[in-house]
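Residue-level structure breakdown
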Amino acid sequence: MKTPFTSNGTKAAAAPKPNRVGAVAEWADERLGLATMAKKQIRKVFPDHWSFMLGEIALWSFVVLLLTGTFLTLWFRPSMGETVYNGSYDQLRGLEMSEAYASTLDISFDVRAGLLMRQMHHWSAMLFIAAMLVHLMRVYFTGAFRKPRELNWVIGSLLLLLGTLEGFTGYSLPDDLLSGTGIRAADGFMKSMPVVGTYMSFFLFGGEFPGDSIIPRLYTVHVLLIPGVLLALIAAHMLLLVYHKHTQWPGPGRTNDNVVGYPMLPVYAAKAGGFFFIVFGVTALMGAFLSINPVWRYGSYNPSEVTAGSQPDWYMGWPDGALRIMPGWETHLFGFTLSWNVFLPIIVLPGLMFTILLMLPFVEAWITGDKRNHHLLQRPRNAPTRTALMVSLMTFYGLLWAAGGNDLIAITFHLSINQITHFMRVAVFVGPLIAFIITRRWCISLQRKDQDDLLHGYETGVIMRDALGGYTERHLPLPTAEAYTLTARDRDEIRQLEAGTDENGVAAKGTGKAKLQARLSHWWYAHNVQKPTVAELEEAHHHVEVEDAHDAPLVGHAADGHQFDGRHDVVEGDDLAHHRD
Amino acid sequence: MLRIFQRTTGRVAGSISRRRRSRFAAPAVLLIGLLATGGVYAAFTPADAAKQDDASEVAKGKALFLVGCSSCHGMNGEGVTTKRGKQLGPSLVGVGAAAVDFQVGTGRMPMAQPGVQAPSKQVLYTPEEISQLGAYVASLGPGPEVPPKSEYDVAKASNESIVRGGEIFRTNCTACHNFAGSGGALPQGKYAPKLTGVSAKHIYEALLTGPQQMPVFSDHVLTPEDKADVIAYLKKTEKTPGYGGFSMGALGPVSEGLFAWLVGIGMLVGFAVWIAAHTARVKKTGEDA
Amino acid sequence: MSDVHSKEIERTEPDPIADPGVEPHLPRPTDVDPAAERRAERQVATFFGLSAVFTILCCVSYFVFAVGDNPDTIGGLGASNVAIGGFLGLALLFIGIGAIQWARKLMGDHEIIEMRHPSVSSDADRDEALEAFNTGVTESGIGRRPLIRNSLIGAMAALGLPAVIFLRDLGPLPGNKLAHTVWRKNMRVVQDVTGVPIRPSDMEIGQLVNTEPGVFYKDGPDGEPLFEGTELQQAKTKAATILVRMHPDDITPSRGRADWGVDGILCYSKICTHVGCPISLWEQQTHHLLCPCHQSTFDLADNGKVIFGPAARPLPQLPIMVDSAGYLVAQSDFPEPVGPSYWERG
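Because the structure is predicted, anything quoted here is derived from the model rather than measured.

1. A look at the overall build of chain A
Across its full length, chain A holds 19 helices and eight strands. Expected size for 581 residues packed as a compact globule is a radius of gyration near 25 Å; at 32 Å, chain A overshoots this value by more than 25%. Out of the 581 residues belonging to chain A, those deemed buried represent 45%. Contacts in chain A between residues at least 24 apart in sequence constitute 71% of all its contacts with a sequence separation of at least 6.

Here it is in structure tokens:
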């Protein structure tokens, strides 16, 4: 029997069950108002390039450091109190040592996965700082530090400095012979400081070296103070990145006012999240197969013992190198000693280098007077002086780094440490200069090649022989996308010096500074190759057309050279004009 | 001389005996006494016994020495100094058989070419020849002897000895040879060589004789037990597995940094390039990009 | 190609080549071919699946491979570390690779354009913020009340003092502690670790002995060592020495030092004057002592003079003599401070 109403089932109608994720989001939004923020960020666009992922290596390494580091704190005892070792490592059993060293041995030999975590922690620390350096170089070479991102550069430089200190305090915690020797050297560095040196040393160590306070104090710095600052700075760094949006390479459709790329959800979440697992995985594999910092072989720290090949971790290699090649200069004045041989390479030089690093964006802006916002990256060749400057800084850094390992270089390559030291004393000055000159000329020559491609087309490798017997190479115009990419950059503006004096011959205020800026700006942009004007491009194309007319009879035929001897085979439809795209 | 001798001993021996004995009895008894004393003494003194048995060894050693060593060390092992004051080979008087056993037994000697240091290389002499050379050099002047096996046999060393040996090693040896015995640099291109793979006997001899720039660690200060402890520690460490993985040369932070950059950053940058690389596209026909 | 462009060209000169716009999207094989899509999907799932397998193997390895007294080994390497780490690494890596393959092959890959906004705040916002700030400052009256302002600044600045002062007890004042060691007259020079005293006849020419003050191996009246723990480490940092024996003819003692050695045996501080590493790379033929840290080289036959490297001061020498029992002992403490230089050193 039919009912008067239609029904779609035998059960009473019910509202559809809410999605569980939706329910949670609903609950949170009612309290936090997340949707406003989320709406912009979920599909945020990130441009795609491998060099943009270098900073991510550092970021994910930091996460690995936090995770593995927390594991280690569960077993490590940051105390210099004396204990007798009774663990599994035979060669040290029965010896007196600090609790810090004994607990490190316990982690390595009596806690399962303990040695793995120790090694992963140390490897990821090395990767953290190396990645920051590589990221720094990418940002600098592509001009990504320019307005509005100067602050992010400053934050990044601070991250580099703090990361280095964090690494130093970290590997000193086990109180083994090698790191203890490093702390002893650090004590010597402090003592070299004028006036306050001995006070700083006594206050840091709680008395004479080594005392019993340094390890617990370094522990506090290493697990609490510096990580706190690092977290805050990383958060600020990321926040600025989100606010400014990422820079991008110039190209078709990419302007200074947009970002072209893939959305955060799903593509970037997958790529960045995946890269986290890759960084974590590579670190774990290194921790599994490559033995790092085998503290049991060094022995507990003893101020009367030392090992050959005493170096700090690689990121402190360059100040160590400066220390090694420095001549032994000291001044004695009125009963006081000024240890230039330690103070200059270890206190003054790193301070100077770090200040130069911090100031790079501001110095460049001061020289060029460029106050525009830049969101498009520059190819290194298009900023020859900037690129050359960084390469010469890298050369300086690299030479000092090598000098820090001079004894190992000597035994590996059968050289003399004395000769290496003498060589380095000269090379650290001459090398950067040579590197600057070579790099700048190289960039300019690459710019000329680009200019050539734009004006005359690219070389096809097809050689034409004309009726008179002359050989030419066929050039074809670049594809539009590529040609546009090459020209999607600003022209360099060299500062002109306006009249510096008024009609009475009085120099305007700031003329000295303006003169300097103009001169520096000229030096900065000198010899740069600017992109062609419309007129130049048209003229060049016209020129190419004239050349092409030369070969017009050959268009549509195979250019195998047999055109003139009657032995050629014409391949139908073979058209050189569309050779590449 | 003989007459005075006979008369003296004859007076001592007594008048009756004088007639019953041969003229030569007294000197003969004296001679027998001397020979007996000397023989007993020789029997109880090993060195002398060896010398007596192996005078031929010394001679063989000398023959080998003249052929292979004298051009730098002199025809009598006195050393050779050129007119300009440059020393070709030092004097071997007093270096002892232990030094020869070490230098020739590790292939350092004969040196293939002059240089600041003699590297260890292929051993050119058989063990018998080395011992003959050692015997000859020992005959030039008293010096350290080749240690008996008991001094350096550490197969049954206790853990306490091993631990103590480690302490001595880190106090005396690591400054030149590095914490793992991987070697280290010395001034002017010289070096302290690797200790891994070196026999216990040679380590002992090196400590005893102080080859080239290595200092001497005489038995009076670093006793034979101390030396054995050091060797026990080294041998134990050689057998210890790499708990954390491959040691990358056990050279410390420099090689670790190298691997961090080459392996770590290298792999991760490689992955980054892959992640952002263009993936395969289907080309639409008849359309240009 | 002109190198100098004035601003004029920049503004009026149009770009030579017009922007062709973002390239049209080309599909991937997985977008058009269902078989390729399924293959890619299976590949990604395989990576995730393998990762899970490796995770399980990692957990199993944790329990299977022993550490401690009898650790398991594989091919000369520690089995626990290699297995746990290797499987963990692969497990993590495969999740990453799977996720990235998913993004590259299967996720939508249309490029999107998002417009940038200027970093600077809008003029309206700026004006509003400035007005709010000015209103607030005016209402506070701080501009009109310099007395309040200055006294506040003074009070806040003063609070910086406790922050510094509370750190005073971090450590004692240096005083002249750095200028003295535990060495005293008639204190025996003994070999480090073994503690044996040394007679001159025990040493051969070319010998090096790493030594310490004899007091380190003495017990006090309570039966406990006189120096142990932190005090021992602190004393060693300045008192560690080396004994070297050279041919007396090779030594050229400076004025007043002729009697500081015994038959060619000299005693020097083991602590480098550069930054304090212990030195004992002794070259018996050249008499040079090399520090492994920064390669400072000292000539011990010439009063510890620096002949290479960054050290500035010669190595301090400890004058020694022979005591009544025939053992080597110190004549006194070091005549100068030992170790790295410092401001008040003089």
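Picking up where we left off.
2. A closer look at the confidence of the model for chain C
On average, residues of chain C score 92 in pLDDT, and 96% of them are at 70 or above. Across residues 1–10 of chain C, confidence stays below pLDDT 50; counting only partners more than four residues off in sequence or on other chains, it has 16 contacts.

3. Examining the domain arrangement of chain C
In terms of domains, chain C is made up of domain 1 (29–106) and domain 2 (180–345). Distance from the C-alpha centre of domain 1 of chain C to the C-alpha centre of domain 2 of chain C: 57 Å.

4. Re the interface of chain B and chain C
Facing the 32 residues of chain B at the interface are 42 residues of chain C. When residues in the side of chain B that touches chain C are grouped by element, the largest group, four residues, is from helix H10 (residues 159–172) of chain B. Here the side of chain B that touches chain C is composed, by residue class, of 16 nonpolar, 12 polar and four charged.

5. As for the pairing of strand S5 (residues 208–213) of chain C
Residues and elements named next belong to chain C. Most of S5 sits out of view: six of its six residues are buried. Here S5 shows two buried faces, one formed by Leu208, Asn210 and Glu212 and the other by Val209, Thr211 and Pro213. Where strand S4 (residues 189–191) meets S5, three bridges bridge the pair, whose relative direction is antiparallel. Looking at S5, one finds that valine 190 is bridged to glutamate 212. In the sheet, S5 pairs with strand S6 (residues 241–245) via four bridges, with the strands oriented antiparallel. Note that in S6 the partner of threonine 211 across the bridge is threonine 241.

6. Here we look at the interface of chain C and chain A
Opposite the 89 residues of chain C that make contact, chain A presents 109 residues. When contributions to the side of chain C that touches chain A are tallied by element, the ones reaching two or more residues are helix H1 (7–12), helix H4 (79–106), strand S3 (112–115), S5, helix H8 (229–239) and strand S11 (305–308) of chain C. Among the elements that make up the side of chain C that touches chain A, the one with the highest residue count is H4(C) (17 residues). In terms of residue class, the side of chain C that touches chain A is built from 44 nonpolar, 25 polar and 20 charged.

7. Description of the sheet that holds S6(C)
Residue and element names in this part refer to chain C. Overall, antiparallel pairing links the five strands, which are arranged S4-S5-S6-S7-S12 in an open sheet. Two strands close off the open sheet at either side, each with one partner strand: S4 and strand S12 (317–318). When S6 meets strand S7 (residues 265–269), the two strands line up antiparallel, connected through five bridges. Following the sheet pairing, isoleucine 242 is matched in S7 by tyrosine 268.

8. A look at the sheet that holds S11(C)
As a general point, the strands of a sheet are linked pairwise by backbone hydrogen bonds and lie either parallel or antiparallel. Residue and element names in this part refer to chain C. Spatial ordering of the open sheet is given by S8-S9-S10-S11, a layout of four strands whose pairing is antiparallel. Across the chains shown, the open sheet's two edge strands, defined by having one partner strand only, are strand S8 (281–283) and S11. Taking the axes of each pair of neighbouring strands and ignoring which way they run, one obtains an average angle of 30 degrees across the sheet.

9. Details of the environment of Val104(B)
Residues and elements named next belong to chain B. Counting through the fold element by element, valine 104 comes out in helix H7 (residues 96–105). Note on valine 104: 24 C-beta atoms within 10 Å, which makes it buried. Here the alpha-carbon distance between valine 104 and proline 147, two residues 43 residues apart in the chain, equals 15 Å. Residues contacting valine 104, with those up to four places away along its chain left out, are Met109, Tyr125, Ile130 and Leu133.

10. Here we look at the packing of helix H5 (residues 55–68) of chain B against helix H8 (residues 127–140) of chain B
Residues and elements named next belong to chain B. Here H5 crosses H8 at 95 degrees, and the two axes come no closer than 7 Å. What the angle tells us is that H5 and H8 run roughly perpendicular. Counting all contacts with H5, which are made through Glu57, Val58, Lys60, Gly61, Lys62, Leu64 and Phe65, the residues of H8 involved are Glu129, Gln132, Leu133, Ala135, Tyr136 and Ser139. Of the residues belonging to the contact of H5 with H8, the class tally is six nonpolar, three polar and four charged.

11. Side note on the nonpolar core
Of all hydrophobic cores here, the largest spans 256 residues; its most connected members are Ile57(A), Phe128(A), Val279(A), Val137(B), Ile231(B), Val189(C) and Leu243(C). The residues contacting Val137(B), other than those within four sequence positions of it, are Gly77(B), Leu92(B), Val95(B), Ala97(B) and Val100(B). Listed in part, the six residues of the second largest apolar core include Leu454(A), Leu478(A), Ala483(A) and Ile17(C).

12. Side note on the confidence of the model for chain A
This prediction gives chain A a mean pLDDT of 90; 90% of its residues lie at or above 70. The model gives residues 570–581 of chain A a pLDDT under 50, and that stretch makes 18 contacts with residues more than four places away or in other chains.

13. Details of helix H14 (residues 384–404) of chain A
Between its first and last C-alpha atoms H14(A) spans 30 Å; for 21 residues at 1.5 Å apiece the expected length is 30 Å, and the two agree. In terms of residue burial, H14(A) counts as a mostly covered element, since 17 of its 21 residues are buried.

14. Quick look at the packing of helix H5 (residues 114–141) of chain A against helix H14 (residues 253–276) of chain B
Relative orientation of the contacting elements H5(A) and H14(B) amounts to 70 degrees, with a least axis distance of 10 Å. With respect to H14(B), the element H5(A) is oriented roughly perpendicular. Relative to H14(B), H5(A) is oriented so that their crossing is right-handed. Counting all contacts with H5(A), which are made through Trp123(A), Met126(A), Leu127(A), Ala130(A), Ala131(A) and Val134(A), the residues of H14(B) involved are Gly257(B), Ala260(B), Trp261(B), Gly264(B) and Ile265(B). Classifying every residue of the contact of H5(A) with H14(B) by side-chain character gives nine nonpolar, two polar and no charged.

15. Comments concerning unusual backbone geometry
Residue Lys147(A) is joined to Pro148(A) through a cis peptide bond whose omega torsion reads 5 degrees. Cis peptide bonds are those with omega within 30 degrees of zero, and the linkage from Met109(B) to Pro110(B) qualifies with 0 degrees. Take Pro110(B): it is sitting in the loop between H7 and H8. With a phi close to 60 degrees, Asn303(C) is a non-glycine residue in the positive phi region. Relative to the assigned elements, Asn303(C) resides in the loop between strand S10 (297–299) and S11.

16. So, helix H5 (residues 123–140) of chain C
All names here are of chain C. Taking 1.5 Å per residue as the helical rise, H5 with its 18 residues ought to reach 26 Å, and the 25 Å between its terminal C-alpha atoms agrees with that figure. Burial analysis of H5 places just zero of its 18 residues in the buried class, which makes it a mostly uncovered element. Looking one or two residues beyond H5, the residue adopting positive phi is glycine 141, at roughly 75 degrees.

17. Observations concerning the environment of Val215(C)
All names here are of chain C. Mapping valine 215 onto the fold places it in the loop between S5 and H8. Taking the C-alpha atoms as reference, valine 215 lies 9.7 Å from glycine 195; in sequence the two are 20 residues apart. Leave out the neighbours within four places in its chain, and valine 215 touches Val182, Met187, Leu226 and Phe227.

About the thresholds
- Residues numbered from 1 in each chain as written.
- Chains lettered and ligands numbered in written order.
- Predicted model: local features only at pLDDT ≥ 70, side-chain atom pairs only at ≥ 80, totals over all residues.
- Helix = DSSP H or I, 4+ residues; strand = E, 2+ residues; numbered from the N terminus.
- Rg over C-alpha atoms; globule rule 2.2 N^0.38 Å.
- Buried ≥ 20, exposed ≤ 12 C-beta atoms within 10 Å, placed from the backbone.
- Contact = placed C-beta atoms within 7 Å.
- pLDDT = per-residue confidence, 0-100.
- Domains from an automatic or database assignment.
- Nonpolar A, V, L, I, M, F, W, Y, C, P; charged D, E, K, R; others polar.
- Pairing = 2+ DSSP bridges.
- Axes fitted to C-alpha atoms, helices over the stretch in contact; angles between N-to-C directions.
- Parallel < 35°, antiparallel > 145°, perpendicular 65-115°, else oblique.
- Core = buried A, V, L, I, M, F, W, Y, C linked by C-beta atoms within 7 Å.
- Expected span 1.5 Å × (residues − 1).
- Left-handed = near helix turned anticlockwise from the far one by under 90°.

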